[in-house]
Protein chains: 2
Amino acid sequence: MSTSERLIESTRELLWERGYVGTSPKAILERAGAGQGSMYHHFKGKPDLALAAIRRTAEEMRATAEGVLGGPGTPYERIAAYLRRERDVLRGCPVGRLTMDPDVMADAALRAPVDETLDWLRERIAGIVEEGKAQGGFAASLESEEVAAAVVATVQGGYVLARASGSPAAFDAGVRGLLSLLSAHNTRTE
Amino acid sequence: MSTSERLIESTRELLWERGYVGTSPKAILERAGAGQGSMYHHFKGKPDLALAAIRRTAEEMRATAEGVLGGPGTPYERIAAYLRRERDVLRGCPVGRLTMDPDVMADAALRAPVDETLDWLRERIAGIVEEGKAQGGFAASLESEEVAAAVVATVQGGYVLARASGSPAAFDAGVRGLLSLLSAHNTRTE
């Protein structure tokens, strides 16, 4: 792996574990096994490196979500697959956790990939709810964008519950709760 | 307000805005208008002061939630009132955001009030779903603890969506989405 790659990957890990304010340039260099000169050769500084790291994390999250949302099955099954996909729940969401980082939120460039990714996710799921309504699987009375927001919020909030309790069980409970409510609107037999 | 009180209140604000790692003893003293000596007179240090601050924030959150959950109305209406209660959405949840703070999560004493509060909230809401099932308002097939986890997760994740997009609209959308799903299980006329 090139030095530039190692710097990006180390920054991604540290942002996930420690957040932006908790990630010092020194810690990045130590984890990447790189010298200060190499960091400034490749990046303008911590914000520039963080931007590269956040963009890559956001792209990966999108690709992973699309893998299940664009997979086989009825609209209900695809949303269920997204909610149930394997996650390292206790680590939290590498994108969502950045919303609690005041320095990331205060910087329009750093916030943009976070906003765009969660926005894309909501729109993607809303589209699937629309498909379900058109096919008659979901009740026509459902507001697809609102249901999509509830789906994404349940995942993001599930991380909060799991981390608070120190167990993934709380995440799973929230997902099962939402699916039990959603399934009543799913008129197709699973 | 006493110096001790000012120190606790300043720490509460800073933890909410900046998180634990982003809150320096210096910043607390500046905001409280207190000297270093007074901090060490009243508290053993930053962790001790943070514990007092987190406990108070947790107690307030619990009292606010109980204010609506223990209020008038059917079980559905009380849960809806909790979801819709006025919130400073863009600031995030002062308790939930601490779950993304690695230093708080790594310290059993600091994590305890966060865990206990969210746990109490889930149990409280689960009890209300049970009431609804007993009264015939909610479908007997609902798992009350799972529905409660979905309710709390929607709120916590709603903050994430709102902060990412810079607008409370995403929070409100998630809440409306969840309520539309829940209302199908509510067999009483509102």
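Residues numbered from 1 in each chain as written. Chains lettered and ligands numbered in written order. Predicted model: local features only at pLDDT ≥ 70, side-chain atom pairs only at ≥ 80, totals over all residues. Heavy atoms only, no water.

### A closer look at the overall build of chain A
Using the following cut-off: Helix and strand labels come from DSSP, where a helix needs a run of H or I of at least four residues and a strand needs a run of E of at least two; each type is numbered from the N terminus. For every residue, the accessible area obtained with a 1.4 Å probe (protein chains only) is divided by the maximum for its type, and the residue is called buried under 20%, exposed over 50%, and partly exposed between those limits. We call two residues in contact when some of their heavy atoms are within 4.5 Å. Using a 1.4 Å probe, the Shrake-Rupley method yields the accessible areas, and only the shown protein chains count as cover for residues.
For chain A, the helix and strand inventory stands at 9 helices and 0 strands. Reading chain A from its N end, one meets helices and strands in the order α-α-α-α-α-α-α-α-α. Expressed as lengths along the three principal axes of its C-alpha atoms, the size of chain A is roughly 60 × 30 × 30 Å. Residues classed as buried in chain A amount to 52% of the 190 residues present. Contacts in chain A between residues far apart in sequence, at least 24 positions, make up 69% of those at least 6 positions apart. For chain A, the computed accessible surface area is about 7,800 Å², with 49% contributed by carbon and sulfur atoms.

### Some details on the packing of aromatic side chains
All names here are of chain A. Quick note on the threshold: Any Phe, Tyr or Trp ring, taking Trp's six-membered ring, that has another such ring centre within 6.5 Å forms a pair; planes under 30 degrees apart are called stacked, those over 60 apart edge-to-face, and the others tilted. Two limits define a charge over a ring: the Lys NZ or Arg CZ must be within 6 Å of the ring centre, and within 35 degrees of the ring normal.
Inspection of the entire model under this criterion finds 2 aromatic pairs over all chains. With a centroid separation of 5.3 Å and 55 degrees between ring planes, the pair formed by Tyr159 and Phe171 is classed as tilted. With Tyr159 in helix α8 (residues 144-165) and Phe171 in helix α9 (residues 169-183), the pair connects residues that are 12 residues apart, well separated along the chain. Tyr159 sits in the buried class, given a relative accessible area of 5%. Note that Arg91 overlies the ring of Trp16, its terminal NZ or CZ placed 3.8 Å from the centroid.

### Some points on the UniProt feature "domain: HTH tetR-type" (unreviewed entry) in chain A
This is how it is decided: UniProt positions are given in the numbering used here, feature names are shortened, and annotations may be inferred rather than shown by experiment.
In the numbering adopted here, UniProt assigns the feature "domain: HTH tetR-type" (unreviewed entry) to residues 1-61 of chain A. For residues 1-61 of chain A, the helix share is 77%, the strand share is 0%, and the end-to-end C-alpha distance is 22 Å.

### Some remarks on the relation of the copies chain A and chain B
So the rule is basically this: Residues below a pLDDT of 70 in either copy are left out; the C-alpha atoms of the rest, at least 70 in both, set the least-squares superposition of the copies.
When chain A is fitted onto chain B, the two copies agree to an RMSD of 0.0 Å after a turn of 180 degrees and an axial shift of 0.0 Å. The two molecules are tied by a two-fold rotation axis, judged by turn and shift. No C-alpha of chain A lies nearer the rotation axis than that of Gly157(A), which sits 1.9 Å from it. Both copies share a contact surface, since 100% of the interface residues of chain A are interface residues in chain B too.

### Examining the packing of helix α5 (residues 75-84) of chain A against α9(A)
Residue and element names in this part refer to chain A. This is how it is decided: Whenever a helix is involved, its axis is fitted only over the stretch in contact; in every case the axis is a line through C-alpha atoms, and angles between N-to-C directions fall within 0 to 180 degrees. The scheme is simple: roughly parallel for angles under 35 degrees, roughly antiparallel for over 145, roughly perpendicular for 65 to 115, oblique for anything else.
Across the interface, α5 lies against α9 with an axial gap of 10 Å and an inter-helix angle of 170 degrees. In terms of orientation, α5 and α9 fall into the roughly antiparallel class. In this structure, α5 uses Tyr76, Ile79, Ala80, Leu83 and Arg84 to contact α9, whose residues at the interface are Phe171, Val175, Leu178, Leu179, Leu182 and Ser183.

### What about the pattern of salt bridges?
All names here are of chain A. The condition is simple: Counted as salt bridges are all cases of a side-chain nitrogen of Lys or Arg within 4 Å of a carboxyl oxygen of Asp or Glu.
Considering all chains together, one arrives at 28 salt bridges over all chains under this definition. Of the charged contacts, one joins Glu9 and Arg56 as a salt bridge, the two residues approaching to 2.9 Å between their closest N and O atoms. You can see Glu9 sitting in helix α1 (residues 3-18) and its partner Arg56 sitting in helix α4 (residues 46-69), a full 47 residues away along the chain. For Glu9, a relative accessible area of 22% gives the class partly exposed. The partner of Arg31 in a salt bridge is Glu13, and the shortest N-O contact between them spans 3.0 Å. One end of the pair, Arg31, is in helix α2 (residues 25-32); the other, Glu13, is in helix α1, with 18 residues separating them in the sequence. Owing to a relative accessible area of 38%, Arg31 belongs among the partly exposed residues under this scheme.

### Describing the nonpolar core
Our working rule: Here, the term nonpolar core denotes a set of buried Ala, Val, Leu, Ile, Met, Phe, Trp, Tyr and Cys residues that are joined through side-chain atoms within 4.5 Å.
The biggest cluster of nonpolar side chains holds 126 residues, and the ones touching the most others in it are Ile125(A) and Ile125(B). Sequence-distant contacts of Ile125(B), defined by excluding residues within four places in its chain, comprise Leu69(B), Ile79(B), Tyr82(B), Ala148(B), Val151(B) and Val152(B).

### Overview of the UniProt feature "DNA-binding region" (unreviewed entry) in chain A
The positions UniProt marks with the feature "DNA-binding region" (unreviewed entry) are residues 24-43 of chain A. Along residues 24-43 of chain A one finds 75% helix and 0% strand; the C-alpha atoms at either end are 15 Å apart.

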